[in-house]
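Chain and residue survey
Now for the letters of each chain:
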Amino acid sequence: TEQASSLPSRLSSGASELGSITVSLLEHLIAAITVLTLTFFLLLDGRGMFQRGTVRLPVPERERARRVGVRVAEVVRAYVSVNLVLAIAAGVLTWGFLEIEGFHLAVPMAVLMAFLDLIPLIGLTIGGFAVAVVLVIDGGPGDAIVWLAIFLIYQQLQDRVIQPLMYKGGALKVNPAVAIVAVIVGANLAGVLGALLAIPTVA
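Just so you know, these numbers come straight off a predicted model, no measurement behind them.

Concerning the nonpolar core
Counting residues in hydrophobic clusters, the biggest one holds 15 residues, and the most contacted among them are L98, M113, L124, V131, L135 and W147. Sorting the residues of this core by element identifies helix 2 (59-100), helix 3 (106-117), helix 4 (123-138) and helix 5 (141-168) as the ones contributing at least two each. For V131, the residues in contact, after removing those within four places along its chain, are T94, L98, M109, M113 and W147. Counting 14 residues, the second-largest nonpolar core is a separate cluster that includes A78, Y167, V183 and I199.

Regarding helix 5
Between its terminal C-alpha atoms helix 5 stretches 39 Å, which fits the 40 Å expected from 28 residues at 1.5 Å a residue. By the largest-angle criterion, Q158 marks the main kink of helix 5, which is about 45°. Taken as a whole, helix 5 has its buried residues at A144, W147, F151, Y154, Q155, Q158, Q163, P164 and Y167. Tucked inside the fold, the buried residues of helix 5 contact helix 2, helix 3, helix 4 and helix 6 (176-202).

Notes on a nonpolar patch on the surface
On the surface, V68, V72, V76, V80, L84, F115 and L118 cluster together into a nonpolar patch covering about 590 Å² of accessible area. Broken down by element, the residue count for the nonpolar patch peaks at 5 residues, all from helix 2. On the basis of relative accessibility, which here comes to 41%, the residue V80 falls in the partly exposed class.

Quick look at the packing of aromatic side chains
In total, this model carries 4 aromatic pairs according to the counting rule given. Taken together, a centroid distance of 5.4 Å and an interplanar angle of 70° make the contact between F40 and F41 edge-to-face. For F40, a relative accessible area of 47% corresponds to the partly exposed category. Pairing W147 with F151 gives two aromatic rings, centres 5.7 Å apart and planes at 25°, and the pair type is stacked. Separated by 4 residues within a single helix, W147 and F151 lie in helix 5, roughly one turn from each other. For F151, a relative accessible area of 1% translates into the label buried. Put simply, the rings of F97, F129, W147 and F151 touch in pairs and so form one group of aromatic residues.

Quick word on the pattern of salt bridges
The tally for this structure, following the rule as stated, stands at 1 salt bridge. Notably, a salt bridge pairs D45 with R52, separated by 2.7 Å at the nearest N-O pair. For D45, a relative accessible area of 32% puts it in the partly exposed group. For R52, a relative accessible area of 52% puts it in the exposed group.

With respect to the confidence of the model for the protein
Looking at the protein, the pLDDT average stands at 84 and 92% of residues meet or exceed 70. At the low end of the mean pLDDT range in the protein sits helix 1 (residues 2-54), at 78; at the high end sits helix 3, at 93.

A look at helix 2
Since there are 3.6 residues in each turn of an α-helix, residues three or four apart along the chain are aligned in direction. Taking 1.5 Å per residue, 42 residues should reach 62 Å; helix 2 reaches 61 Å between its end C-alpha atoms and fits that length. Phi turns positive, to about 75°, at G102, one or two residues after helix 2.

Topic: the environment of A144
Its place among the elements puts A144 in helix 5. Linking A144 and Y167, residues 23 residues apart in sequence, is a C-alpha distance of 31 Å. Dropping the residues within four chain positions of it, A144 is found in contact with A132, L135 and V136.

Here is what the cut-offs are and how they apply
Residues numbered from 1 in each chain as written. Predicted model: local features only at pLDDT ≥ 70, side-chain atom pairs only at ≥ 80, totals over all residues. Heavy atoms only, no water. Core = buried A, V, L, I, M, F, W, Y, C linked by side-chain atoms within 4.5 Å. Buried < 20%, exposed > 50% of the residue type's maximum accessible area, 1.4 Å probe, protein only. Helix = DSSP H or I, 4+ residues; strand = E, 2+ residues; numbered from the N terminus. Contact = heavy atoms within 4.5 Å. Expected span 1.5 Å × (residues − 1). Bend = angle between axes of the 7 residues up to and from the residue. Patch = residues over 30% accessible without salt bridge, like charges linked within 9 Å, V, L, I, M, F, W, Y side chains within 5 Å. Areas by Shrake-Rupley, 256 points an atom, 1.4 Å probe, with all protein chains shown as cover. Salt bridge = Lys/Arg side-chain N within 4 Å of Asp/Glu carboxyl O. Phe/Tyr/Trp six-rings, centres within 6.5 Å; stacked < 30°, edge-to-face > 60°. pLDDT = per-residue confidence, 0-100.

Structure below.
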């Protein structure tokens, strides 16, 4: 009787929480579609938009603004390209290991790893431990331990060697030591967003 009398309030609370979750999901979906749409149009006519936006400036300032704009575009393009390559590499490593182990969720886990690796600082770690948890649940502790050993070695190589060297090449031209310090400072100042913006800002 006591439980039955409290049931309506529980149902009301549950419905409210479900409504909040649904609204939040829709907001994030709309935001993602908006970002993708804006990205498409900026890629399509970004250069022309920038030139039209600076055409009213006096000639010296106009040329300087355009040089700065081109440099910023090159830096952002190089930064995004490096992160995409590293994310794909992490996904391929995950897929290769799980395929060798005969694990039936190799492709979904590889996609998840690649997606999470796009999150600076913590993404790769979250992805690696997520794969380990799935292996413990649906595989075996031995598989999870082997994966963690391989993953931790790869993570150290990517964070300490591969990523800084890739940042040094191409349009970024950021010294590896400077890149590491920039990410640490950015993360301490503004968390994940600071880590995300650190390398392009330094470049």
